[in-house]
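# Structural description and commentary
The lines below spell out each chain.
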Amino acid sequence: MTSCYYHLLLHSCVHLLLLLGQRVLSSNPGPIRVNYGYFPEASPIRVACARGWFTWYQYQVTCYPQTSGAFAASRLDSGSLHLADLGSTPLAQALARGVDIRVVFIDQYKGDSQGIYVRPTAIENPFDLIGKKLGVPFGSTMHYQVLFLLDIFDMTGQVELLNLSPAEIIQAWDDGSIDAAACWGSAREHVLDLVGDKTTKNDNSGANNDKAANVLVSAGVLADWGRPTFNVVAVDREFMNDHAEFVDHFVSILGLLTDSFIDKLGGSDNKNANRWTPNAADPESSYMPSLADAMMKAGERARNPSVGFVSHQRHALDLFKPLSTEEQVSCDYLGGGRVCGRPSLQHIAIQQTAEFLMDQKVIHDMGRLSDMGNTGIACSRPNTLCGGDLFTGSSVIPKMASSVEFRYDLASIYGSVNPDPFSLDFWDGLAPFYALNETGRAGADEFSAGHSTCISKEMRVATYGIQYFGDTFWLSPYSLVGQSYSDNLDCSWVIRSSDCTGSGSVCQNSVVISFLQVRVWSGDYIRVYSDPSMECSPDSTTKVLLGQITGLDPNLPNDFQAKGCVVVQFETDANQERSYNDIQNLGDGFSASYRDAGTKELQQSFTKHCLGTTHIALDGRNNKHVISDSDAESKTDYRYPNDLDCIWEVQAKGGEKYVIFDVEYDLEPTYDYLQLFSGTFGSTSGVTPYAFLSANSTKGTYYIPTDDSGFSTIRLVTDSLGRRSGFKASVYIDNGAPARNGCPNPGTSGLFCEIPHCVVENSVQREMGSSSYGVNVDYQIGRVVSQIRTSSIPPNTNCSWPFGKPLSEAQGIRLRFNFPLDLEPQPVSAVGDKIVVKAGGNVAAEVFVEKCVTDEVCSHSWQTGKCEDGACTVRQSFDVNIEDFSGGFKFLLVTDRSDGKNIYNGVDFDALFISSCPSGADVHCEADAGECMDGACVCTGNIPCACPCDVNRVVSKLNAALLWIMVPLVIIFVGIFVWYRRRKIRKSREQKAVIQEKEEQLEAFRNSVVGMRSATTHYMPKSILESDDAPLADELLPIPPPLETIQWCWQETPHMMSNHGPDVVVGNSADCWIKYDSALNTMIENAFQAYSDTGSTTKTTISQSMTGALKNKISFYPPSVDDSKFIVRWDGYKVDVRDMQQTKEATGFVRDIQRITDVTVPAPPEAPIERNEIDLNEVEIGNSLPDELVGEPQMVLVKGDVVQISSQRQDGWAFGTKLHHNDEVIARELVRLTSKESADTNTFTDTGWFPLDITEIPSAEELAALQAKVGSTDALQAPSYWDAISDPTVVQLHKLNQSDKERETVVKAFMATLQPPRFSKKVEVVGVERIQNLAMWQSYVVKRQTICYRETGGTDSPNAMQGALNRFERHWLWHGTNVEVMDKIMQQGFNRSFCGKNATVYGKGVYFARDAEYSAYPAYAVPDTNKVQYMMACRVIVGEFCPGLRNALTPKIRDSSTQTLYDTTVGLLSNDTMENPSIYVTYHDAQAYPEYLIKFKQS
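All values reported here derive from a predicted model rather than from experimental measurement.

### Points about the overall build of the protein chain
- For the protein chain, the helix and strand inventory stands at 31 helices and 72 strands.
- Per-residue burial over the protein chain gives 55% buried out of 1499 residues.
- Intrachain contacts of the protein chain at a sequence separation of at least 6 include 76% that bridge at least 24 residues.

This is how it looks when you write it as structure tokens:
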């Protein structure tokens, strides 16, 4: 044997002796099991799990891979784990919810190790996520990152989030059921296609298959946006107090490995280079094979990881950002707080996370994280976050523990050398290099692994003896060795006594169940039931819970007993449960026995905590029973277990109508609760909910109604995280009479009005509020009040006020508020608190307080239209139309988990029936002697009615009478005028004969065009230029091009370049230079100029890891120049123009910057740009739009422009489309002046609202100019296949029948690209309607003819015109839309203000797709509440087109001599050419006409 072999053997022996506790000076050598939960993702500390370095003396450490930090936190809280990795989000949630843990180590910052990954063909930017499905483990750090991303991009509620485990994400990605995934570890590797023996590649590139994802945004980028995330190692506080020196040893190992990896190049210790080299063949010197094996990767062989997988894990390590032990104990991290007198970065990040989780309603309150303690004095107080001990760095620095239990006599083994066990030299080479035992590793084609073989089965107890069952078939009924139960189980065992032959039989004997071993993780449950009905099926509705069991070796009673039969159910979730390096190889699952106990009833003595169902019989007033969640005499230090489901059936044997429940409770608000029911779960009639109790330290007396059998039920439910001291109560009976006819104090509820807020089911109070006095009593429903005025609205509640038979004349309900609706204001996409009106099981209305910034948001019928103090005000009265009262109706109040620190007074309204309007729905209330009260009508007899109070309706009967008088007079006048006119015509017939043919043609042309007007002056909407000192146009026109453009850039890290779009990259992308946004660019240039004035020159820097488009979505503080004027500071970064470097102030990381000068050469003198000057004194400046039109598009006019009107208001405003531009260059200049050169303008050259008083009927000259562009008037006629036009200014929809040939043609064109493999969804066409709008059609024809005549040189030749049409017109382009916008499009056309905002990649215009598959995505064709989508088949005159530019307001200039622009821009997708692009973008509303509206569904 070689000396190397002996050396290895010697090291192995030493390690074995340490594991077995040999040569240890201690009096307590008994083994102590320690459970450590870790994430199966690359980290240097995984090496210790694989090699068993955590196991030390009597401490035997088993490592358990965890699917997410949310599960790890709950298992720390329940005691199943003693130490665990936690992401910063589950950590913040656990600390806020009172989980008693301490953070002892920072594993690493997330960096690029996790992120949001998307299908490259469907999603290119965050906005593309709208309408998509995204899978993420709820409660994880990535879940928090997703919520943050949706929040900063104002997309909350617009993306469908699916709660999927990492294994489920892999499966969902492969079957195509999700569009995006937020994940890490193996799930990340899978969706990016980075697994197996593939070589390392850029994460953004995906792989060479269609399923490989792109990186939308990484955790590192989100950290730069203000939300850093990281992993820590947390330890249960009680365990740490009892085993402090073991924790020191554990954390010291973590520090040694982390420091070694940071020195991976061997600068401090040349051995570190070999330790982190991915050498799969040499696990003795390389740590990487051990690390890879600890990932328990599906398909990888245990203790023999593949070369490719080892290499990939080495690459994955570089995606994280670890911290050295020296950094960790500094004031910025674990050393911060009381000693340093200021919060650390961890303190700040955790509090920010908790605040965000509060805003997202994930947590109810922030608990101990609410008070930071920023000042030095506050930071010294232990009750503040800064002054507390939630974070500690005391265990981080490697050191030898001082107690005798941890002193090792190693000299006898090593001779005179006594090596330091807190040096990696001691641990190197110690075998084994892989886990001795593991359970749960999946195979290559499996998403997870498990040994469970259970199925639903029925068993009968033998007369004598014991029988066994469990979730697996095992060799011994007492052992789970090497077993791991499976995911997604739903197994049941029906066990009947020996005398019980089947369902419903009479059985006397009892079944006894005894659990021999239980190792079931939180999230998975064993439930044991009895069944009084003897049906004993898993689906029986009369089952009675005997116990809900979860945990590793939990406290349980010896036996569960039930008469006749027992049902045992075992349910597991989708999360993989595995173990790694378990010395005892215990496995998980359960084993149990069952036997027949005859008629003997066993005595139970289990009192550790409540379990299952307890029956209590009350037979007298003094017969009180005390119930509690445990037998703990003092609740001071007690905390109830997680995952409880305890039931107390209380029977009043004397026929009493209620049970009295005196209770004092301390339950985690909204998570853990007491439910009070009438009835019992074990009866065929079931239970009726009465009240829901959940709060901190509260006392109360409640009167629970009994059912016909005298039963009431009390139920305690706790979730898997966060524990309090529980409850203690007494139950007894009394014969007092409950309250009758409602409670005298509005807002109280309960049999004795004892509850200060609403309960599950409430009675409508018959005494109305003051606002409804005098209303006909037959129409009064009652008053609905959520709580007394001094009480806050209960969280997480669902209060209802049912009402049975309605008034026969009623056609709806009126809500009349006695006090303004006071609920938490929330955006419409994330409403948590609301009133719901339901009739016949259907929702008739939902009313809430909507967040707002401007009045235009407040557009619901029940809103006043006003935005006050950031919330839309709700009308005092409004009506809800209800077509069907047959199923009864009810009001509901639904609230979410938290209102933050605010208190809201909730709901107080009177409910009234309303009758139909006596004189018809369109007759004003006051026209029938009615009275409008707060916007709602009360008709004769004080009857609430549905007559409108809208001022736009007919105002009174007097007006109607006047109308009858005026009409005959007008007819007489018109008759006289016609007679006179005809007389004049007869006299001038000879003069008419000399009218030239051209004038006749002009008249015919004028008559063929609907609603034409001509501008009498230049006009622009109201802007800053209406002031007296406004500059003249000749001072502004033309805009001189800058002779020199300055751009500052910073140098990105090469592997991060894929995070930036091409628009922000300067020069060759390989040089890695990224532009600063315009604001920072100006600040840095100012600093540079200040420095240049001193006579010096140099270079500068700032770092950002996002594009300018993304940055503008986030609120950062503006940068500022410091006193030296040579430095720009911004959000933690510093740019110094003296040394041309940027520094991240928190870490000292430095990047280079540079200043690039671009000189623009002016146009040569011989080719001047022709422009028309504007005299602003001749420009009419408009007034502000009416309030109801604010936000609508407006149009500038040039004198001589011809406009076609599509909508006209009585106040003098009209909406139109320009048929003839007298000077389009001047029009564009007027737009620029109006919008103050803003890119986001709502003023256009060719369409919008304008005042009629600056227009007149077109003159002959103007008509001639327009006709020259259009040609024959025949082109302006409606298409021959249209139905008759009743009103040329109003859109008409004609439904096409299934048998119509026209419909068949439309559907065929629509479905052409909606077939596999190009489109994976099944499409069903629901309906097709032809859109007929003559005014819009004529606007389109004029634009089409203008473009065609321009290109044919004005010739009217049929061949030339047809050639131009074939070249420039597209008949089947597609535009996806939604129900909110499509009506505007059909009436007003494709205005960019409401149908061009979703996309700006190829310009800020209106987008049309060549293929329907592109527009069919829900992001464009948005489904309505019935999942119906809408798409328009359009004619588009595309004209001459050029490639589109991001955010461009117009196409490029095609002819600089005339300033003529291209007509359209295009976008090229894969395999496109300029001759056949996929995307067309128009900039004139008249360029497109929507011919058909297609309604469809996707499966």
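### A short note on the confidence of the model for the protein chain
- Averaged over the protein chain, the pLDDT score is 81; the fraction of residues at 70 or greater is 84%.
- Model confidence for the protein chain, summarised as mean pLDDT per element, is weakest for helix α23 (residues 1108–1111) at 34 and strongest for strand β3 (residues 83–87) at 97.
- Taken together, the stretch residues 196–209 has pLDDT below 50 and engages in 36 contacts with residues farther than four places along the chain or on a different chain.

### Digging into the environment of Asp-619
- Mapped onto the secondary structure, Asp-619 falls in the loop between β23 (612–618) and β24 (625–628).
- Taking relative accessible area as the criterion, Asp-619 reaches 59% and is therefore assigned exposed.
- Here the alpha-carbon distance between Asp-619 and Gly-654, two residues 35 residues apart in the chain, equals 5.9 Å.
- When near neighbours in sequence (up to four residues on either side) are disregarded, Asp-619 contacts Lys-653 and Ile-733.

### Quick notes on a negative patch on the surface
- On the surface, a cluster of negative charge is made up of Asp-855, Glu-856, Glu-868, Asp-869 and Asp-1187.
- Mapped onto the elements of the fold, Asp-869 is located in the loop between β37 (863–868) and β38 (871–874).

### Regarding the pattern of salt bridges
- Here the structure, examined in full by the defined rule, presents 44 salt bridges.
- With its nearest N and O atoms 2.5 Å apart, the salt bridge here joins Arg-275 to Asp-428. On the criterion of sequence distance, the pair formed by Arg-275 in helix α11 (residues 271–275) and Asp-428 in the loop between α17 (424–427) and β11 (438–439) is long-range, its members being 153 residues apart. Of the two residues, Arg-275 and Asp-428, neither departs from the other in class, the shared state being buried.

### Remarks on the sheet that holds strand β36 (residues 842–847)
- Pairing in this open sheet of four strands is antiparallel, and the strands run β33-β40-β35-β36 from one edge to the other. At either margin of the open sheet sits one strand with a lone partner, and together these are β33 (798–803) and β36. Along the sheet, successive strands turn relative to each other by an average axial angle of 20°, direction set aside.
- Judged from the six bridges that link them, strand β35 (residues 834–839) and strand β40 (residues 889–894) form a sheet pairing that is antiparallel. Counterpart to Ala-839 in the pairing with β40 is Phe-889.

### Structural notes on the sheet that holds strand β26 (residues 658–666)
- Read from one edge of the open sheet, four strands run β24-β31-β26-β29, paired in antiparallel fashion. Both outer strands of the open sheet, β24 and β29 (698–705), are each paired with one neighbouring strand and no more. Neighbouring strand axes in the sheet, compared pairwise and without regard to direction, differ in orientation by 20° on average.
- In the sheet, β26 pairs with β29 via eight bridges, with the strands oriented antiparallel. Counterpart to Tyr-665 in the pairing with β29 is Thr-698.

### Description of the environment of Ala-691
- Looking at where Ala-691 falls in the secondary structure, it is placed in strand β28 (residues 687–693).
- On the basis of relative accessibility, which here comes to 4%, the residue Ala-691 falls in the buried class.
- Note: C-alpha distance between Ala-691 and Glu-761 (70 residues apart in sequence) is 8.1 Å.
- Not counting the four nearest positions on each side in its chain, Ala-691 is found in contact with Leu-674, Gln-675, Leu-676, Ile-755, Val-759 and Val-760.

### Structural notes on the state of the cysteines
- The final tally for this structure, using the stated rule, is 15 disulfides.
- Shown here is the disulfide that connects Cys-925 with Cys-937, its sulfur atoms set 2.0 Å apart. Judged by the torsion about the S-S bond (75°), the Cys-925/Cys-937 disulfide is right-handed. Here Cys-925 is found in the loop between β41 (908–914) and β42 (931–933), whereas its partner Cys-937 is found in strand β43 (residues 936–939), with 12 residues between them in sequence.
- You can call Cys-937 buried: its relative accessible area is 1%.

### With respect to the nonpolar core
- With 147 residues, the main nonpolar core has Tyr-36, Phe-54, Ile-116, Phe-469, Trp-493 and Phe-515 as its most contacted residues.
- The dominant element in this core, judged by the number of residues it contributes, is helix α10 (residues 244–262), at nine residues.
- Ranked by size, the runner-up nonpolar core spans 42 residues in total, among them Leu-1266, Val-1381, Val-1438 and Tyr-1489.

### Side note on the packing of aromatic side chains
- For the coordinates displayed, the defined rule picks out 56 aromatic pairs.
- Plain terms: the ring middles of Tyr-658 and Phe-752 are 5.3 Å apart, the flat faces sit at 75° to each other, and that makes the pair edge-to-face. In this pair, Tyr-658 sits in strand β26 while Phe-752 sits in the loop between β31 (726–733) and β32 (780–785), placing the two residues 94 residues apart along the sequence.
- By relative accessible area, Phe-752 is classed as partly exposed at 27%.
- Here the aromatic rings of Trp-1048 and Phe-1088 are separated by 5.4 Å at their centres, their planes lie at 65°, and the arrangement is edge-to-face. On the criterion of sequence distance, the pair formed by Trp-1048 in strand β47 (residues 1044–1051) and Phe-1088 in helix α22 (residues 1078–1092) is long-range, its members being 40 residues apart. Taken as a pair, Trp-1048 and Phe-1088 share a single burial class, namely buried.

### Comments concerning the packing of helix α27 (residues 1334–1352) against helix α28 (residues 1358–1368)
- Their axes nearest at 9 Å, the elements α27 and α28 cross at an angle of 115°. Here α27 and α28 pass one another in a crossing that is right-handed. Counted together, Arg-1344, Gln-1345, Ile-1347, Cys-1348, Tyr-1349, Glu-1351 and Thr-1352 of α27 and Ala-1360, Met-1361, Ala-1364, Leu-1365 and Phe-1368 of α28 form the full contact between these two elements.
- Its residues placed into classes, the contact of α27 with α28 shows eight nonpolar, two polar and two charged.

### Quick look at empty space enclosed by the protein
- If you walk through the whole model with that rule in mind, you get eight cavities of 30 Å³ or more.
- The volume enclosed by the second largest cavity comes to roughly 90 Å³.
- Lining of the second largest cavity is provided by Gln-1204, Ser-1206, Thr-1217, Ala-1335, Met-1336, Ser-1339, Tyr-1340, Gln-1387, Gln-1388, Gly-1389, Asp-1485 and Ala-1486.
- Sorting the residues of the lining of the second largest cavity by element identifies β57 (1202–1208), α27 and α29 (1379–1388) as the ones contributing at least two each.
- Classifying every residue of the lining of the second largest cavity gives four nonpolar, seven polar and one charged.

### Some details on helix α24 (residues 1224–1234)
- Counting buried residues along α24, nine of its 11 residues qualify, which places the element largely inside the surrounding structure.
- Three or more residues of α24 are buried, namely Val-1225, Ile-1226, Ala-1227, Glu-1229, Leu-1230, Val-1231, Arg-1232, Leu-1233 and Thr-1234.
- Sitting at the amino-terminal end of α24 is Asp-1223, which places a side-chain oxygen 3.1 Å from the backbone nitrogen of Val-1225.

So, how was this worked out
Residues numbered from 1 in each chain as written. Predicted model: local features only at pLDDT ≥ 70, side-chain atom pairs only at ≥ 80, totals over all residues. Heavy atoms only, no water. Helix = DSSP H or I, 4+ residues; strand = E, 2+ residues; numbered from the N terminus. Buried < 20%, exposed > 50% of the residue type's maximum accessible area, 1.4 Å probe, protein only. Contact = heavy atoms within 4.5 Å. pLDDT = per-residue confidence, 0-100. Patch = residues over 30% accessible without salt bridge, like charges linked within 9 Å, V, L, I, M, F, W, Y side chains within 5 Å. Areas by Shrake-Rupley, 256 points an atom, 1.4 Å probe, with all protein chains shown as cover. Salt bridge = Lys/Arg side-chain N within 4 Å of Asp/Glu carboxyl O. Lys, Arg positive; Asp, Glu negative; His and termini not counted. Charge placed at Lys NZ, Arg CZ, Asp CG, Glu CD. Pairing = 2+ DSSP bridges. Axes fitted to C-alpha atoms, helices over the stretch in contact; angles between N-to-C directions. Disulfide = S-S within 2.5 Å. Core = buried A, V, L, I, M, F, W, Y, C linked by side-chain atoms within 4.5 Å. Phe/Tyr/Trp six-rings, centres within 6.5 Å; stacked < 30°, edge-to-face > 60°. Left-handed = near helix turned anticlockwise from the far one by under 90°. Nonpolar A, V, L, I, M, F, W, Y, C, P; charged D, E, K, R; others polar. 1 Å grid on protein atoms, 1.4 Å probe; cavity = no way out; pocket = protein on both sides within 12 Å on 5 of 7 lines; lining within 4 Å. Points joined across faces, edges and corners; volume = space filled by probe spheres on them. Polar contact = N/O pair within 3.5 Å; in protein donor to acceptor, adjacent residues only side chain to side chain.

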